[in-house]
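Architecture at a glance
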Amino acid sequence: MSGPFGLPMPLLTDSYKASHAALFPAAQEATAYAEFRQGYDGDTEDQRIVFYGLRYVMETYVARRWTQADVDEAAAFFSTHNAGHTAYPFPEQLFRRFVRENGGYFPVRIAAVAEGSVVYPHTPVIQITARGEYAGLVTYLETVLLMTWYPSTVATLARRAWTRIARAYAASVDEGAQGTLATRLHDFGFRACTCVEQAMVGGAAHLLTFAGSDTLGAAHFAQRLNGGRAVATSIPATEHSVVTAYASERRAVLRVIDAYGAGAYACVMDSYDYAQALARVLPAVAARKLERGGVLVIRPDSGDQTEAVLQGLRAADRVFGSTVNAKGFKVLRGAGVIQGDGVTPATLDAMLDAVMAAGFSAECVAFGMGGGLLQKLNRDTLGMAVKLSAITYADGSARDVMKFPKHGSAKTSLPGRFAVHADAAQAGAPVAFRAGHAPPGAADLLQTVYDCGPTGFVWDAFDQVAARLADQWPRFPRAARAVSADLLDHQRRVHAAQQQRVDDGTAFA
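Read on for an overview of the structure. (Residues numbered from 1 in each chain as written. Predicted model: local features only at pLDDT ≥ 70, side-chain atom pairs only at ≥ 80, totals over all residues. Heavy atoms only, no water.)

Turning next to the pairing of strand S1 (residues 27-36). Counting buried positions along S1 gives 9 out of 10 residues, so the element sits mostly inside the fold. Two strands pair when backbone bridges link them, and S1 and strand S13 (residues 384-393) are joined in this way by 9 bridges, in the antiparallel orientation. Bridge pairing in S13 places Ala27 opposite Tyr393. Two strands pair when backbone bridges link them, and S1 and strand S5 (residues 126-131) are joined in this way by 6 bridges, in the antiparallel orientation. Among the inter-strand pairings, Tyr33 is bridged to a residue of S5, identified as Gln127. (Buried < 20%, exposed > 50% of the residue type's maximum accessible area, 1.4 Å probe, protein only. Helix = DSSP H or I, 4+ residues; strand = E, 2+ residues; numbered from the N terminus. Pairing = 2+ DSSP bridges.)

See below:
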């Protein structure tokens with residue numbers, strides 16, 4: 001089959017989508033769009049969102065040729081998919097037609113903002129247009145396009161974590177050491193994911209902001225997206241199984257020093273008793289560690305998060321010493337601590353504040369996130385959704401449409417066809433306009449990436465995407481006016497007209 005995982009292409013959607021082509025009214029054109037409905041976890045103060053992951057979805061699931069064999073297998077599947085194992089409706093003849101007449105490519109146009117763009121709730125990030133007999137397929141690809149929620153959410157989480165760490169760096173790290181910020185949040189999440197694909201895509205999203213990752217699938221994937229240029233790094237490190245394989249923890253640590261001690265390396269120190277290991281093992285290996293000259297990173301993996309970090313810093317200071325930087329904070333000599341046990345963005349602040357309160361520079365500590373980075377989030381974290389926004393009926397009459405549930409105002413959508421433009425008054429932040437109503441000469445940030453097949457659109461390399469994010473995140477306001485006054489007025493007019501039809505009952509006639 002043409003689809004991934006041995007799936008026929010028509011099955012890369014939700015069951016009910018297959019029944020919709022026969023339900024949409026006859027139309028010349030239909031338009032739908034994707035947006036995020038809220039800031040991260042409903043944050044109203046910092047509503048910045050990172051849009052990322054569309055390239056993977058397009059190349060893996062959308063810009064692939066369907067075949068008659070795909071439709072044959074889908075037909076066999078749908079023949080028993082309805083209740084009672086009866087035939088389920090699906091647009092078989094439409095599918096067969098575009099396989100014959102369009103080279104097998106799905107017949108919609110897709111425009112989107114660039115990957116790595118910083119957007120806000122209600123910014124149209126994807127716009128889908130379907131025409132003619134294919135108008136009823138306008139939302140058929142919603143399922144796979146919405147999967148950009150996941151890398152976008154991971155990328156947003158990572159950048160929010162960067163904001164917290166950057167604050168501590170600004171306060172306690174000298175200018176010459178600011179470059180180490182990119183290594184302060186390490187991806188430990190491969191094993192926390194449900195599958196390799198999730199780890200690969202989510203881990204790459206993390207790498208837009210940070211350079212450290214133990215998720216090899218993501219590191220390789222990002223490097224491939226970067227034209228072969230390296231993106232991620234890691235260091236040798238012990239696990240508990242390595243330590244407990246030795247009768248003596250001191251011997252285990254000496255083995256690591258002998259093997260990797262000329263560079264940076266990490267040792268987990270809580271296999272038995274973290275405090276005793278710090279008090280007894282570190283002094284016992286100090287001479288050999290100093291001979292080798294590298295950087296020993298202490299890793300706790302249990303106990304109170306903050307206290308474990310402070311214990312490690314103080315022990316390393318006693319054994320290896322420190323210098324005081326220009327901002328008055330201690331910088332350990334050839335040592336550091338990495339805390340990767342249950343870290344979340346919220347706990348970063350508490351740990352960093354405690355580190356600085358104890359007199360240490362933030363560069364002395366790094367963090368690792370596993371499930372908290374790649375798994376403990378969902379589509380509701382940013383509230384991503386796709387909704388129909390405009391339709392031109394077969395008779396040529398046009399209607400802008402929107403959703404406004406009485407008991408779910410947060411799910412209200414935008415009506416019309418859109419353009420997105422950078423707003424100079426908001427440091428270049430994106431603002432949505434009605435198509436044709438934007439300021440004269442303004443470039444539309446919604447770029448066509450697919451038009452009934454590949455268009456020759458060239459995706460940005462990974463480092464270009466990361467550079468866009470690095471530029472826009474600190475420059476854009478934490479919250480912005482993401483929808484133009486004209487579009488908001490239009491939304492109110494469409495809402496009022498439809499509400500009148502609800503009130504007088506004609507909407508239900």
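Still more to cover.
Now for the pattern of salt bridges. Tallied over the entire structure, the rule returns 24 salt bridges. For Asp353, the salt bridge goes to Arg167, with nearest N and O atoms at 3.3 Å. Remark: Arg167 occurs in helix H5 (residues 149-172) and Asp353 occurs in helix H12 (residues 345-357); sequence separation between them is 186 residues. Taking the relative accessible area as the measure of exposure, Asp353 reaches 38% and is therefore partly exposed. (Salt bridge = Lys/Arg side-chain N within 4 Å of Asp/Glu carboxyl O.)

A few words on the side chain of Glu249. Within the secondary structure, Glu249 sits in helix H9 (residues 249-260). The charged side chain of Glu249 is buried without a salt bridge, its nearest counter-charge being Arg280 at 9.5 Å. The contact partners of Glu249, leaving out residues within four places of it in the chain, are Val243, Val268, Met269, Tyr272, Ala277 and Val281. (Lys, Arg positive; Asp, Glu negative; His and termini not counted. Contact = heavy atoms within 4.5 Å.)

This next bit is on the side chain of Gln472. As for its placement among the helices and strands, Gln472 is situated in helix H14 (residues 462-475). According to the relative accessible area criterion, Gln472 is buried, its value standing at 13%.

For the rest of this paragraph, the subject is a nonpolar patch on the surface. On the surface, Phe190, Val196 and Leu216 cluster together to form a nonpolar patch covering roughly 300 Å² of accessible area. Inspection of the secondary structure assignment puts Leu216 in helix H7 (residues 216-225). Taking relative accessible area as the criterion, Leu216 reaches 65% and is therefore assigned exposed. (Patch = residues over 30% accessible without salt bridge, like charges linked within 9 Å, V, L, I, M, F, W, Y side chains within 5 Å. Areas by Shrake-Rupley, 256 points an atom, 1.4 Å probe, with all protein chains shown as cover.)

Further remarks concern the packing of aromatic side chains. We describe a pair of aromatic rings using the distance from one ring centre to the other and the angle between the two ring planes. Evaluation of the coordinates by the stated rule reveals 18 aromatic pairs. For the pair Phe77 and Phe78, a centre-to-centre distance of 5.7 Å together with 70 degrees between the ring planes defines the contact as edge-to-face. Residue classification places Phe78 among the buried residues on the basis of a relative accessible area of 4%. With a centroid separation of 5.4 Å and an interplanar angle of 70 degrees, the aromatic rings of Phe98 and Phe106 are classed as edge-to-face. The rings of Trp66, Phe77, Phe78, Tyr88, Phe90, Phe95, Phe98, Phe106, Tyr134 and Tyr140 are connected pair by pair, giving a single aromatic cluster. (Phe/Tyr/Trp six-rings, centres within 6.5 Å; stacked < 30°, edge-to-face > 60°.)

Here we take up the sheet that holds strand S11 (residues 335-339). Either a parallel or an antiparallel arrangement is found when strands of a sheet pair, and the pairing is made through backbone hydrogen bonds. Strand order in the open sheet formed by 5 strands is S6-S12-S11-S8-S7, with parallel pairing between adjacent strands. Only two strands of the sheet have a single neighbouring strand rather than two, namely strand S6 (185-187) and strand S7 (264-268). Averaged over all pairs of adjacent strands, the angle between strand axes in this sheet comes to 30 degrees, irrespective of strand direction. Both S7 and strand S8 (residues 295-299) contribute to a ladder of 5 bridges, which runs parallel. Its bridge partner lying in S8, Ala266 is registered against Val297. The strands that H12 touches are S11 and strand S12 (365-369); relative to S12, the one it contacts most, it runs at about 165 degrees. (Axes fitted to C-alpha atoms, helices over the stretch in contact; angles between N-to-C directions.)

Attention shifts here to the packing of helix H10 (residues 274-292) against helix H11 (residues 305-320). The relative placement of two packed helices is expressed as an angle between their axes plus a distance between the axes. Where H10 meets H11, the closest approach of the two axes is 10 Å, and the angle between their N-to-C directions is 35 degrees. In terms of crossing hand, the pair formed by H10 and H11 is right-handed. Where H10 abuts H11, its residues Tyr274, Ala275, Leu278, Leu282, Pro283, Ala286, Lys289 and Leu290 lie against Ala308, Gln311, Gly312, Ala315, Ala316, Val319 and Phe320. Here the residues of the contact of H10 with H11 sort into 12 nonpolar, 2 polar and 1 charged. (Left-handed = near helix turned anticlockwise from the far one by under 90°. Nonpolar A, V, L, I, M, F, W, Y, C, P; charged D, E, K, R; others polar.)

Looking now at the pairing of S11. Among the 5 residues of S11, 5 are classified as buried, and the element is accordingly described as predominantly covered. Alternating positions in S11 separate into two faces, Ala335, Val337 and Gln339 on one and Gly336 and Ile338 on the other, with burial throughout. Looking at chain direction, S8 and S11 are connected through 3 bridges and run parallel. Along S11, the bridge assignment pairs Ile298 with Val337. Strand direction decides the pairing type here: S11 and S12, joined by 3 bridges, are parallel.

A few words now on the packing of H11 against H12. At a minimum axis distance of 9 Å, the contact between H11 and H12 shows a crossing angle of 35 degrees. Crossing handedness for the pair H11 and H12: right-handed. Taken together, the residues of H12 that come into contact with H11 (itself represented by Gln305, Thr306, Val309, Leu310 and Leu313) are Thr347, Ala350, Met351, Ala354 and Val355. Looking at side-chain class alone, the contact of H11 with H12 contains 7 nonpolar, 3 polar and no charged residues.

In this section: helix H2 (residues 68-78). Of the positions making up H2, those classed as buried are Asp70, Val71, Ala74, Ala75 and Phe78. Seen from one end, H2 has its buried residues packed into an arc of 135 degrees, which puts them on one side. The elements touched by buried residues of H2 are helix H3 (92-101). (Arc of directions from axis to C-beta.)

For the rest of this paragraph, the subject is the state of the cysteines. In a disulfide, the sulfur atoms of two cysteines are held together by a covalent bond. For the coordinates displayed, the defined rule picks out 0 disulfides. Cysteine Cys267 is unpaired, with the sulfur of Cys364 as its nearest cysteine sulfur at 17 Å. Take Cys267: its relative accessible area is 1%, and that puts it in the buried class. (Disulfide = S-S within 2.5 Å.)

Phi is positive for Phe5, close to 60 degrees, though the residue is something other than glycine. Take Phe5: it is sitting in the segment before S1. Residues other than glycine seldom take positive phi values, yet Cys452 does so here, at roughly 55 degrees. Positionally, Cys452 belongs in the loop between strand S17 (447-451) and H14.

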